[in-house]
Structure formats: structure tokens, C-alpha cells
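Commentary on secondary and tertiary structure
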Amino acid sequence: MISGVSSGAIAGVLYAYGFPPAEILQLIKELSIFQIVRPAFGKIGLLHLDEVDKLYRKHLGDAPRFEDLKIPVVISATEMNEGVTAYFSSGVLIKPLIASSAVPILYHPIQYEGKLLNDGGLLNNLPVEPLLNNCDVKIGVHVNPINHQAHVSSLRGMIERTVLLAINNNVKLRLPLLDLLLEPQDLRYYRLSSFRKADEIFEIGYRHTMQMKRHLLHLLEKSV
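Residues numbered from 1 in each chain as written. Predicted model: local features only at pLDDT ≥ 70, side-chain atom pairs only at ≥ 80, totals over all residues. Heavy atoms only, no water.

An unreviewed UniProt entry annotates the protein as NTE family protein originating from Pontibacter ummariensis.

1. Considerations on the pattern of salt bridges
Under the convention used in this document: Definition used for salt bridges: Asp or Glu carboxyl oxygen within 4 Å of a side-chain nitrogen of Lys or Arg. Note on conventions: DSSP H or I runs of at least 4 residues are helices, E runs of at least 2 residues are strands, and numbering of each starts at the N terminus. Using a 1.4 Å probe on the protein chains alone, a residue whose accessible area is under 20% of its type maximum counts as buried, one over 50% counts as exposed, and one in between counts as partly exposed.
Evaluation of the coordinates by the stated rule reveals 5 salt bridges. Note that glutamate 129 and arginine 174 form a salt bridge whose closest N and O atoms lie 2.7 Å from each other. Of this pair, glutamate 129 sits in the loop between strand S5 (115–119) and strand S6 (139–141) while arginine 174 sits in helix H5 (residues 155–174), placing them 45 residues apart in sequence. The class for arginine 174 is buried, based on a relative accessible area of 14%.

2. Observations concerning helix H6 (residues 198–211)
Put simply, the rule is: A helix's residues, less one, multiplied by 1.5 Å, set its expected span. Taken from the helix axis, the directions to the C-beta atoms give the arc we talk about. The criterion used for residue contact is that any of the two residues' heavy atoms lie within 4.5 Å.
Along its 14 residues, H6 runs 20 Å from first to last C-alpha, staying within 8% of the 20 Å computed at 1.5 Å per residue. Of the residues making up H6, those classed as buried are Ala198, Ile204 and His208. Each buried residue of H6 sits inside an arc of 130° when the element is viewed along its axis, so together they form one side. Considering only its buried residues, H6 is in contact with helix H2 (21–30) and strand S7 (180–182).

See below:
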């Protein structure tokens, strides 16, 4: 079972649909940064995610549902009006998936099922709770370690920094609920929008996970 938020929701859904990791990397590389920084005039947010919607529909079908996935997936988003985490695991897939990675202020929120949704990481960037009663082994993946030597020099950079600092605090609260955490420290040198460095980021994550292989296998052996 996969519980994902923001980039974790994207990777989780594509993997659960049937795409192997190398193909997921290629799909992300096909998405130009210029496609997702188009202004959202008159919206509650600076930019829109229309091109991301098109990318999902191209590869997942025009109206995919959670039930189409080969592995159960739970997607988290923040309900902005109520100030709570909203979990989605059935029905229409694309709306919750887009909402889960819509960084507040930077991207306009998504209206779905009467809810106003933004990036789920705002309140819960390590959504382990849906796994607690469903999985014997709970492995967390956190890809936003803090760079304490960062230099913020733009509005966009300030928004990204604010989000990262906020979500790192709520990650710490959930670490005791995990059996293992994968957190490649070298990723602290990359920004949220470093799409052109996707190959480097992928390789860092792969190397780190392979270094943790014996711990992963040990957990699996214990659970049998």
C-alpha cells in the first residue's frame, strides 16, 4: 500500500498504475518547467497546473480512478478552509493528485467535492497514518531535507523556503511511527523546481536506497 503526498503522490500513483521507476523519471523529464509556471490570472495563486493535468490524462487515461491502480494508494491534500488533511483513496484520481502538489500561494487551489485543496505537505508531509492498520512494515521516504546554508533571493524562493521549513516540522512528529526512513541528505542542495536535474536527483535517491538495502531486507524478513 502506498500513502503519498505532493511528489510522493505523483510517484506513487504512476508506480501503482504500472510504470517502472525509469519510465516515471522519463515522464517527469518530458514536463518543461515553462509549462507549469504560467500565470493564473484572477486565481487564488500565482500559477496554474493545467499542463500537469494534461500530462496525467495522457499517461493515465482521460478519467482514471483509484480503482484502476494495481496497488492501493492514498493521496493526501490540505483542505484550506477547514485547515485539515483530506485523504483520497477511491473515485476520481486526477483532481486529488493535482491538489496534493499545488503549493499554496504559488499554485491556485483545486476545487473538488466541495473542498478547497492545496499541497497536503502543508499539514502532513509524511502521511504514514493510512498505513498504520494496513501494513506490517512502514517505510517513509522524505526528499526535502533542510539546507541550512541556503540563500533566499526571490519571492518564489521565499515561498519554497517557507513551505520546506513548515513541512519539515510536521515530518519530525511522525518519524516514531515508521519502521525505516529513507532521507537522502544530498537532496538538500536541490530546489523544488529542479526539473532539469531530474537524472541527478533520481541517482541520489537510488544510491541512498541501495545503501539501505540490508535494513530493508531485514525488516521484510522480520515481518514474514
